[in-house]
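# Examining the three-dimensional arrangement
Spelled out, the chains give:
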Amino acid sequence: MGRIICCGLGPGDPDLMSVRADRTVRAAKHVAYFRKKGQHGQARRIVEGMLAADVSEYPMEYPVTTEIAFDSPDYARLLAGFYDEWTERLARLARAIDVVVLCEGDPYFYGSFMHLHTRLQGRVEIEVIAGIPGMVGCWNAVGRPIALADDVTTVLMGTLPEAELEQRMRGSDALVVMKTGRNLKKIRRALASAGRIDDAWLVERGTMPDQRVARLADLAEADCPYFAIVLVHGQGRRREAAQ
């Protein structure tokens, strides 16, 4: 029997992979990774030049990404079928070999592999290698601590309704907003309503060669790439009182 080894690759810079992840990738004979149809795939890009010459690759191409609304029945149906199909394929492969599944960031933190992880339970041995979450690489790119003292940090999805985004932005000290992209205008409005827009940063492709870091208020209103995060840093809300 083989195993499914989900390898967390970190935020994008190969130098930020763990020693264990690096060793696993270089030794892999069979590698699977998610990608949008017609594209190279971010996880695959991270390990460029690291894979063995005779490695077998299994690109897992999403049937849909942003073409239809993520909360529509068609989107859910297509993605469920996609994950079911790859669960079967990986389970068959793992009857005899180890398969390394590449995952950006940390697999247990909003990782796509978790949809397979749930379906593979009890069918095959699974190993998960931790990775630095993408948001960690992004707040390091800004060069400021994301939270101090007893700050409360909230991680939000930009796909949430605008009213809920605003409510949660008001109730937290430090903020991380993921899944920006086409949701950026909504995120901007929620931050402005919550009085947080002047403290917000947009980090695009954090730790990658084409990284961009800018104050959100200074940027023109436009869509941003998938690999982008909005950050609002905490201020150590009761730090002085505790001293």
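Structure shown above.
Quick caveat, the model's predicted, so the values are computed rather than measured. (Residues numbered from 1 in each chain as written. Predicted model: local features only at pLDDT ≥ 70, side-chain atom pairs only at ≥ 80, totals over all residues. Heavy atoms only, no water.)

Tallying secondary structure elements over the protein gives eight helices and ten strands in all. For the protein, the spread of C-alpha atoms along the three principal axes comes to 60 × 45 × 35 Å. Burial analysis of the protein (243 residues in total) assigns 47% to the buried set. A fraction of 71% describes how many contacts in the protein between residues 6 or more apart in sequence connect residues 24 or more apart. Total accessible area on the protein is roughly 12,300 Å²; 49% of this is exposed by carbon and sulfur atoms. Side chains of the protein give 32 positive and 32 negative charges; the mean places of these two sets differ by 2 Å. (Helix = DSSP H or I, 4+ residues; strand = E, 2+ residues; numbered from the N terminus. Buried < 20%, exposed > 50% of the residue type's maximum accessible area, 1.4 Å probe, protein only. Contact = heavy atoms within 4.5 Å. Areas by Shrake-Rupley, 256 points an atom, 1.4 Å probe, with all protein chains shown as cover. Lys, Arg positive; Asp, Glu negative; His and termini not counted. Charge placed at Lys NZ, Arg CZ, Asp CG, Glu CD.)

What follows deals with the sheet that holds strand 2 (residues 30-36). What holds strands together in a sheet is hydrogen bonding between their backbones, with the strands either parallel or antiparallel. The sheet built from five strands is open, its strands ordered 3-2-4-1-5 with parallel pairing. Each of the sheet's edge strands pairs with one partner strand only, and the pair in question is strand 3 (56-62) and strand 5 (125-129). Each neighbouring strand pair of the sheet contributes to a mean axis angle of 25°, computed without reference to strand direction. Pairing of strand 2 with strand 4 (residues 99-103) involves three bridges; the strand directions are parallel. Paired with valine 31 across the bridge in strand 4 is valine 100. Across the sheet, helix 3 (residues 73-93) is in contact with strand 1 (3-8), strand 2, strand 3 and strand 4; its angle to strand 3 comes to roughly 165°. (Pairing = 2+ DSSP bridges. Axes fitted to C-alpha atoms, helices over the stretch in contact; angles between N-to-C directions.)

Before going further, it helps to examine the side chain of aspartate 106. The topology assignment puts aspartate 106 in the loop between strand 4 and helix 4 (113-120). Side-chain polar atoms of aspartate 106 contact the backbone nitrogen of tyrosine 108, separated by 3.1 Å. Apart from the residues lying within four places of it in its own chain, the contact partners of aspartate 106 are Gly111, Ala130, Gly131, Ile132 and Pro133. (Polar contact = N/O pair within 3.5 Å; in protein donor to acceptor, adjacent residues only side chain to side chain.)

Looking now at helix 7 (residues 184-193). Considered for burial, the residues of helix 7 that qualify are Leu184, Lys186, Ile187, Arg188, Ala190 and Leu191. Considering only its buried residues, helix 7 is in contact with helix 6 (162-170), strand 7 (174-178), strand 8 (200-204) and strand 10 (228-232). Count one or two residues on from helix 7 and you reach glycine 195, which has phi positive near 75°.

The biggest cluster of nonpolar side chains holds 24 residues, and the ones touching the most others in it are Ile4, Phe34, Met60, Phe82, Leu90, Phe113 and Leu116. Sorting the residues of this core by element identifies strand 1, strand 2, strand 3, helix 3, strand 4 and helix 4 as the ones contributing at least two each. Examining the composition of this core, we find that seven residues originate from one element, helix 3, more than from any other. Apart from the residues within four sequence positions on either side, phenylalanine 34 is in contact with Gly41, Met60, Tyr62, Phe82, Tyr83, Ser112, Phe113 and Leu116. Grouped together as the second largest cluster of nonpolar side chains are 20 residues, Ile187, Ile197, Leu202 and Val232 included. (Core = buried A, V, L, I, M, F, W, Y, C linked by side-chain atoms within 4.5 Å.)

Right, let's get into the packing of aromatic side chains. For the structure shown, the criterion picks out six aromatic pairs. With a centroid separation of 5.4 Å and 10° between ring planes, the pair formed by phenylalanine 34 and tyrosine 62 is classed as stacked. Of this pair, phenylalanine 34 sits in strand 2 while tyrosine 62 is found in strand 3, placing the two residues 28 residues apart along the sequence. In this structure phenylalanine 34 comes out as buried when scored by relative accessible area, which is 9%. Relative accessible area serves as the criterion here: at 16%, tyrosine 62 is assigned to the buried category. (Phe/Tyr/Trp six-rings, centres within 6.5 Å; stacked < 30°, edge-to-face > 60°.)

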